[in-house]
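The residues making up each chain are set out below.
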Amino acid sequence: MNRNFIKSFDSFQVFMLGEDRPNYIHRYCNQLDDSQWQWFYEQMLEPVAFVTDITYLFYVLKWILKYDFDDLSYAVYFQDIMNPECIPQSQIKDEWLAKLLDRYEQRLKKELSEIHYSSNVTIDDDAGIF
């Protein structure tokens, strides 16, 4: 999948509403007003740059767009860390991993701690997540 769709706001809208986009993309985009479209475009800029496989980004959007999110980069990073598909390696470019870890480490620890608390599952800090 080509990344040219993100080069301009107009190309982004056309791409996201294209016939070959999955239904969950259409459902999400069809409910956006003008300012929400702009926000969504701005949110997509960074993940498009840092994922190794753009198809993977659109796959994880299937899960992310079901819920309210405040930071799409974090949501994609979280999906990559939690690795719901047991993909053997990160789908984030190496040069971005350290930057995202630095930016999101505290938030990730807090959310994992909340998951631990709510499910009584032990999370080992030495497990290599951080």
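Whatever comes next refers back to the structure up there.
No experiment lies behind these values; they were computed from the predicted model shown.

Tell me about the environment of Tyr-24, and please be specific about residues and values.
Residue placement: Tyr-24 occurs in helix H2 (residues 23-30). Between the C-alpha atoms of Tyr-24 and Leu-65, which are 41 residues apart in sequence, the distance is 7.7 Å. There is a polar contact of 2.5 Å between the side chain of Tyr-24 and the backbone oxygen of Phe-58.

Can you break down the nonpolar core residue by residue, with the values?
Of all hydrophobic cores here, the largest spans 38 residues; its most connected members are Phe-40, Met-44 and Phe-58. If you list the elements that add at least two residues to this core, you get helix H1 (9-16), H2, helix H3 (34-50), helix H4 (54-64), helix H5 (72-82) and helix H6 (94-119). For this core, the leading source of residues is H4, giving seven residues. Apart from residues no more than four positions distant in its own chain, Phe-40 is found in contact with Phe-12, Met-16, Tyr-28, Cys-29, Leu-32, Leu-65, Phe-69 and Leu-72.

Go over the layout of surface pockets with me, naming the residues and quoting the values.
The computed volume of the largest pocket comes to approximately 230 Å³. Ile-64, Phe-69, Ala-75, Phe-78 and Gln-79 are the residues nearest the centre of the largest pocket, which is lined by 13 residues in total. Of all elements in the fold, only H4, H5 and H6 reach the threshold of two or more residues within the lining of the largest pocket. Here the lining of the largest pocket takes four residues from H5, the largest share from any one element.

Mind laying out the packing of H3 against H4, listing which residues take part and the relevant values?
Viewed as axis vectors pointing N to C, H3 and H4 meet at an angle of 135°, and their least axial separation amounts to 9 Å. As judged from the angle between their axes, H3 and H4 are oblique. Once H3 is placed against H4, the crossing between them reads as right-handed. Counted together, Met-44, Pro-47 and Val-48 of H3 and Ile-54, Leu-57, Phe-58 and Leu-61 of H4 form the full contact between these two elements. Its residues assigned to classes, the contact of H3 with H4 comprises seven nonpolar, no polar and no charged.

Conventions used here
- Residues numbered from 1 in each chain as written.
- Predicted model: local features only at pLDDT ≥ 70, side-chain atom pairs only at ≥ 80, totals over all residues.
- Heavy atoms only, no water.
- Helix = DSSP H or I, 4+ residues; strand = E, 2+ residues; numbered from the N terminus.
- Polar contact = N/O pair within 3.5 Å; in protein donor to acceptor, adjacent residues only side chain to side chain.
- Core = buried A, V, L, I, M, F, W, Y, C linked by side-chain atoms within 4.5 Å.
- Buried < 20%, exposed > 50% of the residue type's maximum accessible area, 1.4 Å probe, protein only.
- Contact = heavy atoms within 4.5 Å.
- 1 Å grid on protein atoms, 1.4 Å probe; cavity = no way out; pocket = protein on both sides within 12 Å on 5 of 7 lines; lining within 4 Å.
- Points joined across faces, edges and corners; volume = space filled by probe spheres on them.
- Axes fitted to C-alpha atoms, helices over the stretch in contact; angles between N-to-C directions.
- Parallel < 35°, antiparallel > 145°, perpendicular 65-115°, else oblique.
- Left-handed = near helix turned anticlockwise from the far one by under 90°.
- Nonpolar A, V, L, I, M, F, W, Y, C, P; charged D, E, K, R; others polar.

Honestly, it's all geometry; don't read function into it.
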